[in-house]
Amino acid sequence: MQILRWAARVIVPILINLRAPRSGGVPNRCLEYMSRLIELDRQRGDEVAKSVVENLDGELQDRVVPYGLKFLENREPVFPYEKESVLGEAEYEGMMSIFRLGQNHDYIFWFSPPRGRSGYTEGRLVVGRVISRENGLELECRGIPVLEEADRMLEMARDLYIEGGVSESFVNRAEDLREEAIGVNLDEGVDLWDFCEEVLGMREVWQVVREGKDVEMTERVTRVTEEVKMGVERSLGGISSSNSVRAGAMFESMMADRGYRIVGGNHGGLNSAILGGGIFNSVFNEGKRTRISAEGKKLTYCESCKHWYSGDKCPYCS
Ligand SMILES: [Zn+2]
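It should be emphasised that the depicted structure is a prediction, and the values quoted were computed from it without experimental measurement.

About the thresholds
Residues numbered from 1 in each chain as written. Predicted model: local features only at pLDDT ≥ 70, side-chain atom pairs only at ≥ 80, totals over all residues. Core = buried A, V, L, I, M, F, W, Y, C linked by C-beta atoms within 7 Å. Buried ≥ 20, exposed ≤ 12 C-beta atoms within 10 Å, placed from the backbone. Helix = DSSP H or I, 4+ residues; strand = E, 2+ residues; numbered from the N terminus. Domains from an automatic or database assignment. Contact = placed C-beta atoms within 7 Å. Pairing = 2+ DSSP bridges.

Chemist: Any details on the nonpolar core? Residues and values, ideally.
Modeler: Core analysis: the largest hydrophobic core is formed by 64 residues, its most contacted members being V52, F109 and F251. If one sorts the elements of this core by residue count, helix α8 (residues 244-257) sits on top with eight residues. Counting contributing residues per domain, this core is built from domain 1 (2-210) and domain 2 (215-309), each supplying no fewer than three. Look past the residues within four positions of F109 in its chain and what remains in contact with it is L125, V127, L160, G165, A181, I182 and V184.

Chemist: Could you give an account of the sheet that holds strand β7 (residues 298-301), with specific residues and numbers?
Modeler: Across a sheet, strands are paired by hydrogen bonds formed along the backbone, either parallel or antiparallel in direction. Strand order in the open sheet formed by three strands is β6-β7-β8, with antiparallel pairing between adjacent strands. Of all strands in the sheet, those bounded by a partner on one side alone are β6 (290-292) and β8 (308-309). Where β6 meets β7, three bridges bridge the pair, whose relative direction is antiparallel. In the strand pairing of β7, I292 is matched with K298.

Chemist: Just give me the short version of unusual backbone geometry, but keep the residues and values in it.
Modeler: One non-glycine residue with positive phi stands out, namely R115, at about 55°. Here R115 is to be found in the loop between β2 (107-112) and β3 (123-132). Using a count of 14 C-beta atoms within 10 Å as the deciding quantity, one classes R115 as partly exposed. Here N135, not a glycine, exhibits a phi torsion of approximately 50°, which is positive. Take N135: it is sitting in the loop between β3 and β4 (137-146). Given 10 C-beta atoms within a 10 Å radius, N135 is considered exposed.

Chemist: Go over helix α2 (residues 45-54) with me, naming the residues and quoting the values.
Modeler: The buried fraction of α2 amounts to seven of the ten residues, a majority that puts the element mostly inside the structure. V48, A49, K50, S51, V52, V53 and E54 are the residues of α2 that are buried.

If you want it as structure tokens, here you go:
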């Protein structure tokens, strides 16, 4: 569960920062309290890839992250989490509600609204399908960025309750959603993604998931990530905690060159921002913003008309 890892990495620095005296010269405001999205010395390759996909400079439907979530028989989730912080505690409660609801519900929805206790500027929705209840609980999940305010996310949750969704306690405010997942059972023959589209909107997102393009995207990014990480390792003669920021900035820049530009600020900052940004971009980039869509097409951003286009020239303003 990436959200919890990020929670641990984001909220703890916030708390530390509240107590620490301000140091001057921080280039990006977010970095005053945010940790880094990419930490090559600490993250596994698939974690790096998922972080890239989730934080891509692109459309929502290109940023859906597929992942598995597993609980052991003793209910412990199989990933690191930080229970010692306010947010970590709320999200841990949310995880436990997933475990309990998953015993008799086939589908789980879990909202993480922006702001509130989180400090995130973007909300997230996890949609999980229970795939095994043997020796614990196993779910196949999609992590979906939601560009809506907390109140709208509360409305989405209420629409799920109207359609038969169940939480263990009464959800009154958007913040309550962090602790309370929603369990759903669907009538036979009803497709989960059709249900999502009907109740929650965000049509493009479910279409990408239906067609498996989110999985393809993540696999593609994982391959590029590995190749780029090797390139960084070669040129720095290894990656360690002492050159982690530099390695991360180089990685971010090389990924951008290949069409996978990531944006900091939602759930963590960029290494390039710590180094002052421009340097690496000017060394490694040709200057154009590009990205790869979920369909695998290379798109270029037109600064004059603000459209993404494929091909050499912007068709909208030429
Ligand atoms: Zn244009």
